[in-house]
Amino acid sequence: MGPLPWACMVMKRTSQVNVPFCDELPSRQAQLAALRNTEEFDVLVIGGGATGSGCALDAVTRNLKTALVERSDFSSGTSSRSTKLIHGGVRYLQKAIMKLDYEQYMMVKEALHERANLLEIAPHLSAPLPIMLPVYSWWQLPYYWAGIKMYDLVAGAQCLKSSYVLSKNKALELFPMLKRDKLVGAIVYYDGQHNDARMNLAIALTAARYGAVAANYTEVVHLLKRTDPETGKERVCGARCRDVISGQEFEVRAKCVINATGPFTDSLRKMDNEKSPKICQPSAGVHIVMPGYYSPDNMGLLDPATSDGRVIFFLPWEKMTIAGTTDSPTEITAQPIPTEEDINFILTEVRNYLSPDVEVRRGDVLAAWSGIRPLVTDPSSKDTQSICRNHIVNISESGLVTIAGGKWTTYRAMAQETLDATIKAHHLQAGPCRTVGLMLEGGKGWTPTLYIRLVQDYGLEVEVAQHLAATYGGRAFEVAKMAQVTGQRWPIVGKRLVSEFPYIESEVHYAVKEYACTAIDVLARRTRLGFLNVQAADEALPRIVHIMGKQLGWSESTGKRSAASFCARAELICGSQVQIDPSLDRYKKRFHKFDKGNKGFITTVDVQQVLESISVQIDENTLHEILNEVDLNKNGQVELNEFLQLMSAVRKGRVSDSRLAILMKTVEETLEERGLVSVDRSGGGV
């Protein structure tokens, strides 16, 4: 590689950090090869969410040899299912003041500092957003005004814009959908808004450009340990990993391992030590997406006191409207499902604030999703709402470093604190933290008028050019260069995936360069179509599968399975179906015939045992492929929710050729014809 251009250097005070992959990211296969062949890394980060990716970026820019593994896709968990706000937390400041809680106050102050930094380092993915707080009682006006002004004061010089008070008429002019009865006025304050999944991806890609070996769909099978010759104690020294795509396993050696797995923190801690106490208490946050006409283009709404005391945001995002969030205790699962109760709660609260002229309809919910917040447990707390979303850094006796809790906004500060603790505990030779002001992927070269150059230079539609600039920043030109000629007078290039959204085919090509491995990676995270409109995502699916198939060398059967798999799982991940149909009860019984020990999931071993009981044999590799079609988590097992979503899709005609559904139905019918078999022979049928 020749000398790097000045644009590929980052200056931080007196320190310089090279960017070895400024021009071209290494392929996923190259990253996997590096994981397998590197003798020892300084740091292995487990978890590709915002915090894990932030840790990898912090480590690699301190000149530490860094690896990052994620068992699914980058940002496939909570980090892509947020409220899309970069904020200090108005409600946390209120609690800090009311309870004289200095810890909460400092958390808000830190978050406001990080808010300013994030808006600076990823200007294409983030922007200030005015948020209106409507007031319906005269006494509330000075109360809320004082609180919001305090929010401005805590931000200090990093205050985005000063808050202000609006009269009733001015509030209705800016937010005409607002309920006018008893409205006294409103207060408007500013917070940041971002594209959370793309922001997470930008952090991971930036780490990869700086030299971190980052691989998605790479899960940890177990931790590696060695005996310290000085103390005689076991120390964590890496992990045995599995490439979920190929099934191949390999070992990754590292001087230290960082656990940044969000809601699954305790699972990895118990992998280290089965006696480790739980430190995370999961809380579910549900959001819904509604048409854009429910809110103004550039004004959000905050309901500070809902009927049950929770806070509801009502925000414009990607030309749609997001409403949420709920806050309730939940079980940990890889694919949390929003309940009808949560959706109706949000709709009811929205109705309370909108004009009676606006009919808030359940049918207008275009998508819904649930994300699990990894809150830090307070043993004395009885409900999750009173838990401060602060973070902790813990180092186990064996040296496993765990970062848990925190907020999206403070990912960078959390990563810095984690690396500081890691370097000290493991005596690593490292430079200072350099992530303050470090531009993320696409941030360099972006300007508010960049889209005009895309229109003029490439002949893209204005809406498409604006979308590319806002999604890829300075890298938008690379996507534009890959765009195909439309064959029309205008636009010259840029074939849309679906007519009503600005996503184009060349983004699918580029997504593969960004480590997209499945259709859902493109629909839910590289683009946000799956989170905005599930029906539109279904419409775009065949073309996406075709393009990815050509780039990744999929066979026709693989492409069909990918499409069928997306149809079965889209309802779960993107929210087109939020509840399991009660009529699917018989499918639960069918599932339990295979579920040995009532574990809640089935594996190839379970299916083999049942097949043997009826004298049927299927090649193990074929059986693995069949289960993999509906294995959302890519963890080698099919959970009950995954199976029920598949059967729901089959019943609706969205999936017609699922081999697992056909196989399980055939086995059930055979078992019924032969009569009951023993539990042992049936594989533990319930």
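Computed from a prediction, not measured in an experiment: that's the story for all the values here.

Caption draft 1: Looking closely at the environment of Gln 104. Relative to the elements of secondary structure, Gln 104 occurs in helix α4 (residues 102-121). You can call Gln 104 buried: its relative accessible area is 6%. Residues Gln 104 and Gln 94 lie 10 residues apart in sequence; the distance between their C-alpha atoms is 9.3 Å.

Caption draft 2: Looking closely at the environment of Val 252. Tracing the backbone shows Val 252 in strand β12 (residues 249-259). Here the alpha-carbon distance between Val 252 and Arg 36, two residues 216 residues apart in the chain, equals 6.4 Å. Setting aside its immediate chain neighbours within four residues, Val 252 contacts Leu 35, Phe 41, Leu 44, Leu 224, Cys 237, Gly 238, Ala 239 and Cys 241.

Caption draft 3: Expanded view of the nonpolar core. Judged by nonpolar contacts, the single largest core of 47 residues is most densely connected at Val 43, Val 45, Leu 57, Ile 258, Tyr 411 and Leu 440. Sorting the residues of this core by element identifies β3 (41-46), α2 (50-60), α4, α7 (196-209), β12, β20 (401-405) and α10 (411-426) as the ones contributing at least two each. Examining the composition of this core, we find that 8 residues originate from one element, α7, more than from any other. Leu 440 has contacts with Leu 57, Leu 118, Ile 121, Ala 122, Met 199, Ala 202, Ile 203, Thr 206 and Tyr 411, leaving out every residue within four places of it along the chain.

Caption draft 4: Geometry of the packing of aromatic side chains. Taken as a whole and assessed by the stated rule, the structure comprises 11 aromatic pairs. The rings of Trp 139, Tyr 143 and Tyr 144 are connected pair by pair, giving a single aromatic cluster. In this arrangement the basic side chain of Lys 179 is found over the ring face of Tyr 136, its NZ or CZ atom lying 5.6 Å from the centre. The positively charged end of Arg 528 is found above the aromatic ring belonging to Phe 531, 4.9 Å away from the centroid.

Caption draft 5: Representation of the environment of Thr 348 within the structure. Position of Thr 348 among the secondary structure elements: in helix α9 (residues 340-353). The class for Thr 348 is partly exposed, based on a relative accessible area of 36%. Linking Thr 348 and Ser 307, residues 41 residues apart in sequence, is a C-alpha distance of 9.4 Å.

About the cut-offs
- Residues numbered from 1 in each chain as written.
- Predicted model: local features only at pLDDT ≥ 70, side-chain atom pairs only at ≥ 80, totals over all residues.
- Heavy atoms only, no water.
- Helix = DSSP H or I, 4+ residues; strand = E, 2+ residues; numbered from the N terminus.
- Buried < 20%, exposed > 50% of the residue type's maximum accessible area, 1.4 Å probe, protein only.
- Contact = heavy atoms within 4.5 Å.
- Core = buried A, V, L, I, M, F, W, Y, C linked by side-chain atoms within 4.5 Å.
- Phe/Tyr/Trp six-rings, centres within 6.5 Å; stacked < 30°, edge-to-face > 60°.
- Lys NZ or Arg CZ within 6 Å of the ring centre and 35° of its normal.

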